Every structure is written in structure tokens, then in C-alpha cells.
Amino acid sequence: MKYTSTRNKMLNISGSEAIVRGISEDGGLFVPVDFPQLSKNVIIELSEKSYEERAAYVMSLFLEDFSYEELLSYAEKAYAKFDGDPCPVVNIDDGLYIMELWHGPTCAFKDIALTMLPYLLTAAKEKLGIKDKTLILVATSGDTGKAALEGFRDVKDTDIMVFYPDEGVSRMQQLQMSTQEGGNVYVGAIKGNFDDAQTAVKEIFADKAVEKDLKAKGYSLSSANSINWGRLLPQIAYYISAYCDLLGSEEISYGDKINFCVPCGNFGNILAGYYAMRMGLPIGKLICASNINNILTDFFNTGIYDTKRDFHKTMSPSMDILISSNLERLLFEMLERDDAKLIELMKELKATGRYAIDKRLIEDRFLGFVAGYATEDDTFDTIYNNFDIYDYIFDPHTAVAAYVYNEYILSGDETPTVIVSTANPYKFSKDVYAAISEGSETDDFSAAKRINLLTGMEMPEVIENLRQLPVRFEEVFDKDAIKNKVFEYTTR
Ligand SMILES: *Cc1c(COP(=O)(O)O)cnc(C)c1O
């Protein structure tokens with residue numbers, strides 16, 4: 001499988017190159033030139049395999065420069081860091097399933113890809129004969145940062161720097177990052193929101209002077225954000241795995257469609273589901289759920305993508321985004337891979353903060369997507385209601401999806417649906433506790449204790465231990481100072 005760029009269809013590079021480069025020089029994102037197809041026999045065979053084998057198989061279809069055995073060994077190492085099955089599917093009601101993607105080392109779905117990416121990146125560099133050290137720069141709204149730090153800590157010839165919006169992440173997320181261990185890590189908080197952090201980091205990637213300075217020090221830059229193909233690829237596997245699980249337990253028969261409902265931010269998670277659908281996985285609808293930063297809802301319902309709106313801080317901070325980078329990859333497909341038209345739209349976005357496409361492009365070619373959003377009150381009530389009805393607790397991100405699912409089924413669609421659950425509720429203990437009880441706690445650890453008493457759900461050790469870990473990173477600075485931090489850290 002070769003890769004091309006959303007902004008230059010003439011480009012033709014290998015999977016290793018796509019992973020190492022992260023983003024195309026033309027500013028576009030790497031996409032596979034086509035989608036390998038999954039036959040009925042393959043899906044049935046996979047349903048008898050372990051998660052690691054499923055993941056290795058799916059990745060091998062896209063990475064011809066890696067062998068299946070090699071990928072299997074990476075999957076085994078990566079997912080050994082999980083507590084049991086990496087992507088279990090839990091049945092909570094007739095035709096309603098929750099895929100829990102938060103059993104990894106940092107309790108969020110980002111672990112699925114970020115435990116794998118270091119193996120893919122290290123091997124890809126080796127295959128290409130690249131000897132440079134890698135400097136990974138990450139802008140995070142909370143979960144990517146911690147998962148990337150954990151994935152890359154003490155990885156040979158690699159340094160990682162993470163920037164998060166000060167006061168734009170949950171207390172647990174902040175503690176997880178500021179207490180990060182490892183000799184090759186740096187964490188800083190910037191004044192501003194996630195989009196500010198993301199824009200500042202993107203500017204560094206485009207800064208020739210920085211590139212030159214790093215090169216002289218033996219570094220090349222790379223990204224662990226979800227624009228990297230190495231982030232998306234491992235995510236395709238869990239959509240296929242969920243289908244296999246439902247086949248294996250005879251909840252469905254081969255060919256039956258299932259829906260997925262996904263809490264969306266940068267659009268990487270649901271895009272992986274879309275790619276699984278393009279590979280022939282029988283998916284009915286992909287339900288895109290947003291919080292009140294509902295730019296994606298508006299886009300799917302009107303064809304207009306308009307960033308000129310207020311940015312809201314919510315209790316689902318990983319979805320507080322106005323610029324969903326991965327939407328560009330879907331747009332590329334919507335435009336039937338017309339790169340010139342895509343460049344036009346991206347120019348318009350940059351110049352005016354907005355673009356519009358013919359709504360029929362969404363409807364005609366993408367019967368698969370529907371979209372909705374939840375307000376903060378909706379989210380809060382959903383956490384309470386689901387605890388009340390199912391004795392099951394959702395974190396606020398997943399609760400957004402559960403609310404949008406409940407609204408969606410009013411349309412009468414009875415297709416079995418998997419809600420993609422993206423974080424362990426203990427990561428957002430204060431809000432979750434307030435939602436499921438009459439009380440409130442100002443301290444996150446006290447709230448977590450109370451959730452445990454009230455629900456009996458086990459508190460993850462990594463969360464419990466946070467309280468005792470020494471804080472290593474406390475710097476807060478203006479976003480313009482990022483460049484200097486990069487300079488300092490790479491001269492240490
Ligand atoms: C990152 C994240 C999301 C959003 O996922 P995208 O791939 O950015 O759309 C949703 N929920 C949680 C908990 C996350 O960490």
C-alpha cells in the first residue's frame with residue numbers, strides 16, 4: 001500500500017515514510033491510495049483470533065514494508081500494557097453495546113494508538129536508514145499528551161515535548177502530565193485554549209529556522225497528534241474487532257450492519273471507523289457526537305464548516321476543538337479525491353475561517369454519517385440516567401455520545417449500536433461524582449473515592465497513585481515562548 005497527500009495526489013510514498021514524516025510538505029495529510037477489502041472469510045477468521053492478531057492483520061494490509069509477524073510482536077508488546085482485553089465490548093441493553101477503549105496505561109482511548117506508535121516509528125526509521133534523533137512535539141487537550149508521554153518515555157533516540165492549555169484540562173489529566181516520569185520528556189502549560197496550543201505547535205513544524213537549528217543538533221521533528229497515519233491505523237482495528245466480537249458471541253450474523261456512535265474532537269477516532277467501512281466492514285451509520293463546540297454537527301447538517309464562533313470550555317475537554325484536523329481526510333473522499341478543490345477549501349478556511357460544500361456531497365456519498373450534540377446539562381443528565389438504569393457509568397465524553405445516540409434512535413433505527421467509550425470515568429471524577437450523586441466534592445481524589453463507594457467500580461491504580469507522585473513540571477507561559485522552550489530543551 002502506498003500513500004498520497006490530500007493536497008497533492010501525485011505524491012506516492014511508503015507507509016514507513018508516511019509515519020516518519022507525519023504531515024506532507026504541501027500541508028496535506030497522508031492517506032492510503034486505496035482501501036484494502038475485507039472478505040467475509042477473513043472477517044469470520046478474525047472473529048476467532050485475539051485482539052493482537054486482529055490488529056496485526058489489519059495493519060499488515062496497510063504497511064507492505066512491515067511483515068505480519070513483526071506487527072504482531074509490536075501489538076503484543078503494546079497491548080501487554082493493558083489491563084486484560086484492550087478493547088472489550090460490553091452489552092448493556094438489547095442491541096446496545098459499549099466498546100471500552102480505556103483499559104490502557106493512561107485510561108483513555110489514545111492509548112490504543114500511542115502504545116503502538118513508538119514501535120511503528122522506531123521500525124520505520126530503521127527501515128528508511130534514518131539516524132537522526134526524533135523530537136516529538138505534541139499539542140494536547142489532555143489525553144493525547146499523557147498517552148504520548150507514556151508511550152514514548154525512555155524510547156531510544158527520542159525526546160518528547162507536550163504542551164497543554166493551562167486550565168483547559170481536567171485536574172487528573174493535568175496531574176497525569178505534570179508528574180510524568182522519564183528522562184526524555186518535557187511538559188509545559190500555555191496560556192490559551194487547545195486551538196492556540198495546536199496552532200503554535202503547527203507553526204514550529206513549518207518554521208525553517210527551527211528545523212535548521214534542530215538538524216544541526218541531530219534532531220528531526222515528528223508529530224504524535226492524530227494527523228499522523230501511525231495514530232489512525234491502529235484505530236481501524238478496533239472497529240473491525242468490535243464486529244468480530246459481536247459475530248463471535250452470535251449477537252449478529254455475518255452481513256448484519258452495526259452502527260457506531262463516537263464522541264468526536266479532532267475527528268481521528270470516527271475517521272478510523274469510516275476507513276473500516278470503506279474496507280467493507282458492514283457498518284450502517286457512523287454517528288458523530290459533539291459537545292456544545294458543535295462545529296462538526298453543523299457541518300454534517302448543513303455542509304458549512306464555520307470556525308467563527310465562541311469556544312466553550314466543557315466537562316469533556318478532549319472534545320473542545322474548533323479545528324478538527326482529520327476532517328480534511330474525509331473531505332478528500334467527499335470531493336472524490338479532487339486535491340485542487342480541497343486546496344481551495346483549505347485556503348478559504350485559512351483566509352475566512354469558513355468553507356462550505358454542497359450538502360448533497362455529504363448526503364449522496366456519505367449516507368453513513370449522522371451527527372448530533374449534547375449540551376452540558378444533557379451530558380450531566382445522561383451520566384445520571386445511565387447509572388440509574390444500567391448501573392453503568394460513563395465519563396463525560398462518552399456520555400455526550402450516549403446522549404446523541406438516545407436522540408438518534410428516536411428516528412426508529414433499530415440497528416445494533418456500539419457506543420465507543422473513550423475514557424475511564426475516574427479521569428473526570430469531580431463531574432462524574434456530581435452527576436451520579438446528590439453531593440459534590442471539590443477534591444478530585446475525594447470524588448474518586450466516593451464514586452468507588454457508590455458504584456463499586458474499581459479505581460485504576462494509575463489514578464490512585466497520582467496523589468503521591470512528585471510534580472516535575474509546573475511551567476506556565478505564553479504561547480509565543482514555545483519556540484524558546486524547544487530550543488532550550490534540545491540544547492540541554
Ligand atoms: C481525544 C478524545 C476524544 C476525541 O477523539 P478524536 O479522535 O480527537 O475525535 C474523545 N474522548 C476522549 C476521552 C478523548 O481523549
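Residues numbered from 1 in each chain as written. Predicted model: local features only at pLDDT ≥ 70, side-chain atom pairs only at ≥ 80, totals over all residues. Heavy atoms only, no water.

### Looking at the site of the ligand
Point 1. Residues in contact with the ligand amount to 15 residues; listed here are only the nearest, Lys110, Asp143, Gly265, Asn266 and Asn269.
Point 2. Between the ligand and the protein, one listed contact pairs an oxygen atom with a side-chain N or O atom of Lys110 at 2.6 Å.
Point 3. Ser318 has a polar side-chain atom sitting 3.5 Å from an oxygen atom of the ligand.
Point 4. About the coverage of the ligand: the protein hides 97% of its 380 Å² of free accessible area.
Point 5. The cavity that encloses the ligand is the largest cavity.
Point 6. The class makeup of the residues in the shell around the ligand is six nonpolar, seven polar and two charged. (Near = heavy atom within 4 Å. Polar contact = N/O pair within 3.5 Å; in protein donor to acceptor, adjacent residues only side chain to side chain. Areas by Shrake-Rupley, 256 points an atom, 1.4 Å probe, with all protein chains shown as cover. 1 Å grid on protein atoms, 1.4 Å probe; cavity = no way out; pocket = protein on both sides within 12 Å on 5 of 7 lines; lining within 4 Å. Sits in = over half its atoms within 2 Å of the grid points. Nonpolar A, V, L, I, M, F, W, Y, C, P; charged D, E, K, R; others polar.)

### Quick word on empty space enclosed by the protein
Point 1. For the structure shown, the criterion picks out one cavity of 30 Å³ or more.
Point 2. Of the voids in this model, the largest cavity is the one considered here, and its volume is about 310 Å³.
Point 3. Forming the walls of the largest cavity are 26 residues, and the residues nearest its centre are Phe109, Lys110, Gly265, Asn266 and Ser318.
Point 4. Every element with two or more residues in the lining of the largest cavity is listed here: helix H7 (143-152), helix H11 (229-248) and helix H12 (268-278).
Point 5. Partitioned by chemical class, the residues of the lining of the largest cavity number 10 nonpolar, 13 polar and three charged. (Points joined across faces, edges and corners; volume = space filled by probe spheres on them. Helix = DSSP H or I, 4+ residues; strand = E, 2+ residues; numbered from the N terminus.)

### Focus on the pattern of salt bridges
Proximity of charged atoms lets side chains of opposite charge pair with each other.
Point 1. Going through the model one piece at a time under the given rule, you end up with 25 salt bridges.
Point 2. Of the charged contacts in the structure, one is a salt bridge between Lys341 and Glu344, with a shortest N-O distance of 3.6 Å. Pair noted here: Lys341 and Glu344 are both in helix H15 (residues 339-352), with a separation of three residues, about one helical turn.
Point 3. Its relative accessible area of 32% is what places Lys341 among the partly exposed residues.
Point 4. In this structure, Arg450 and Glu441 form a salt bridge, with 2.6 Å as the shortest nitrogen-oxygen distance.
Point 5. Among the ionic contacts, a cluster of salt bridges with common partners joins Lys146, Glu150, Arg153 and Glu181. (Salt bridge = Lys/Arg side-chain N within 4 Å of Asp/Glu carboxyl O. Buried < 20%, exposed > 50% of the residue type's maximum accessible area, 1.4 Å probe, protein only.)

### Looking at the state of the cysteines
Point 1. This model, assessed by the stated rule, comprises zero disulfides.
Point 2. Between Cys244, a free cysteine, and Cys87, which holds the nearest cysteine sulfur, the sulfur-to-sulfur gap is 12 Å.
Point 3. Judged by relative accessible area, which is 0%, Cys244 ranks as buried.
Point 4. For Cys288, which is in no disulfide, the shortest distance to another cysteine sulfur is to Cys264 and amounts to 3.7 Å.
Point 5. Among the residues examined, Cys288 registers a relative accessible area of 0% and is labelled buried. (Disulfide = S-S within 2.5 Å.)

### Here we look at unusual backbone geometry
Point 1. Positive phi outside glycine occurs at Asp157, with the angle close to 55°.
Point 2. With respect to the secondary-structure elements, Asp157 resides in the loop between H7 and strand S7 (158-165).
Point 3. A residue is classified by how much of its surface remains accessible, and Asp157, at 37% relative accessible area, is partly exposed.
Point 4. Although it is not a glycine, Asp391 adopts a positive phi angle of roughly 60°.

### A word on the sheet that holds strand S16 (residues 476-477)
Point 1. On the basis of which strands lie adjacent, the open sheet formed by five strands has the order S9-S6-S7-S8-S16 and parallel pairing. Each having just a single partner strand, strand S9 (219-223) and S16 make up the two edges of the open sheet.
Point 2. When strand S6 (residues 133-139) meets S9, the two strands line up parallel, connected through five bridges. The partner of Ile136 across the bridge, within S9, is Ser222. (Pairing = 2+ DSSP bridges.)

### Examining the pairing of strand S2 (residues 8-13)
Point 1. Here strand S1 (residues 3-5) pairs with S2 via two bridges, running antiparallel. Bridged to Ser5 within S2 is Asn8.

### A few points about the environment of Ala206
Point 1. For Ala206, the position within the fold is in helix H9 (residues 194-206).
Point 2. On the basis of relative accessible area, Ala206 is assigned to the exposed category, the value being 59%.
Point 3. Between the C-alpha atom of Ala206 and that of Glu458, which follows or precedes it by 252 residues, the distance is 44 Å.

### A look at the layout of surface pockets
Point 1. Computed from the structure, the largest pocket encloses a volume of approximately 1700 Å³.
Point 2. For the largest pocket, the lining is made up of 49 residues, of which Ile23, Gly27, Lys202, Phe205 and Ala206 are closest to its centre.
Point 3. Mapped onto the lining of the largest pocket, the elements with two or more residues apiece are helix H1 (15-21), helix H6 (117-127), S6, H9, helix H10 (208-216), S9, helix H14 (327-334) and H15.
Point 4. The greatest single-element share of the lining of the largest pocket, amounting to seven residues, is contributed by H9.
Point 5. In the lining of the largest pocket, the residues fall into 22 nonpolar, 13 polar and 14 charged.
Point 6. Taken as a whole, the second largest pocket encloses approximately 490 Å³ of empty space.
Point 7. As for the second largest pocket, its lining consists of 22 residues, and the residues nearest its centre are Asp83, His103, Asn424, Glu458 and Pro460.
Point 8. Per element, the largest residue contribution to the lining of the second largest pocket is three residues, and it comes from helix H21 (residues 461-464).
Point 9. Of the residues contributing to the lining of the second largest pocket, the split by class is 11 nonpolar, four polar and seven charged.

Everything listed here is a matter of coordinates, which is why it stays silent on function.
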